[in-house]
Amino acid sequence: LIAYGAGSRALVAEAATGRVLSELAGYPEAQSIARVIWAPDSSALIVASGTPYSEEARPIILWERGADGSFREAFRTQSVHTSHPGMPVALFNPNGALVAFEDMPRGEAAAARIPVFDRTSGEVIITLEEYVLGAWASDELLLAAEAQYDTRLTRWNVRSGEKTVGQGRCQDIYAYAPGGVYYVTGG
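What counts as what
- Residues numbered from 1 in each chain as written.
- Predicted model: local features only at pLDDT ≥ 70, side-chain atom pairs only at ≥ 80, totals over all residues.
- Heavy atoms only, no water.
- Buried < 20%, exposed > 50% of the residue type's maximum accessible area, 1.4 Å probe, protein only.
- Helix = DSSP H or I, 4+ residues; strand = E, 2+ residues; numbered from the N terminus.
- Pairing = 2+ DSSP bridges.
- Phe/Tyr/Trp six-rings, centres within 6.5 Å; stacked < 30°, edge-to-face > 60°.
- Axes fitted to C-alpha atoms, helices over the stretch in contact; angles between N-to-C directions.

Some thoughts on the pairing of strand β13 (residues 141–146)
For β13, a buried count of 5 out of 6 residues is recorded, marking the element as mostly surrounded by other parts of the structure. The hairpin turn running from strand β12 (residues 131–136) into β13, its antiparallel successor, is 4 residues long. Taken together, the 5 bridges between β13 and strand β14 (residues 152–157) define a ladder with antiparallel strand orientation. Looking at the pairing, Leu143 lines up with Arg155 of β14.

Re unusual backbone geometry
Unlike most non-glycine residues, Ser42 shows phi in positive territory, near 65 degrees. Mapped onto the elements, Ser42 comes out in the loop between β4 (32–38) and β5 (44–50). A positive phi is found at Glu130, a non-glycine position, where the angle reads about 60 degrees. With respect to the helices and strands, Glu130 occurs in the loop between β11 (123–129) and β12.

With respect to the packing of aromatic side chains
Per the counting criterion, the structure on display carries 4 aromatic pairs. Note on Trp38 and Phe71: the rings are 6.3 Å apart at their centroids and 55 degrees apart in plane angle, and the pair reads as tilted. Highlighted residues: Trp38 in strand β4 and Phe71 in strand β7 (residues 71–79), separated in sequence by 33 residues. Owing to a relative accessible area of 25%, Trp38 belongs among the partly exposed residues under this scheme. Relative accessible area serves as the criterion here: at 13%, Phe71 is assigned to the buried category. Between Phe75 and Phe117, the aromatic rings sit 5.0 Å apart at their centres with planes inclined by 35 degrees, giving tilted as the arrangement. One end of the pair, Phe75, is in strand β7; the other, Phe117, is in strand β10 (residues 113–118), with 42 residues separating them in the sequence.

Section: the sheet that holds strand β6 (residues 58–65)
Read across the open sheet, the 4 strands follow the order β4-β5-β6-β7; overall the sheet is antiparallel. Edge positions in the sheet fall to β4 and β7, since each of these pairs with one other strand and no more. In this sheet, neighbouring strand axes are inclined to one another by 20 degrees on average, regardless of whether the strands run parallel or antiparallel.

What to know about the pairing of β11
If a strand is regular, its side chains alternate between the two faces of the sheet. The pairing of β10 with β11 spans 6 bridges and is classified as antiparallel. Its bridge partner lying in β11, Pro115 is registered against Thr127. Following β10, the chain reverses through 4 residues before pairing antiparallel with β11; Gly122 in that reversal takes a positive phi of roughly 75 degrees.

Below is the structure:
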């Protein structure tokens, strides 16, 4: 399967034939599909719309794929960063069971938060207030950065809520090595 945006529509098609199997609705007409992210096992899809150079919040929707191949909306949030290249707005953990979302309705650090959605239970298991997404270090360890002030990198166990605050600083562009022990930043 291939998922792609066509204007404000998100489509899922057979890669071999191009035949459209699903149209995922719920995106504003004036926006284009900006991000498409498959779950590691192709059982779900995250689609975000956006408008370049706009500070208007745009929807980020998690779509679960049913046994019949159809998709249903499982979770929805919004962010002002959906059209900003290099900034993650949603991340599946390595096994695909958890999804961390950026929820940022306004372009203010105080408005930033990360809800972590458990696809098995269908519930948000933790919300990290005033943090922005980094990467998953493992199935339960999420790397994030403080959204304001020191912007220190923090390692969160999303199941227990325990956190370890690092010494490094985030400058908006960062990448983590597998396991999350090393990272690079730029600014």
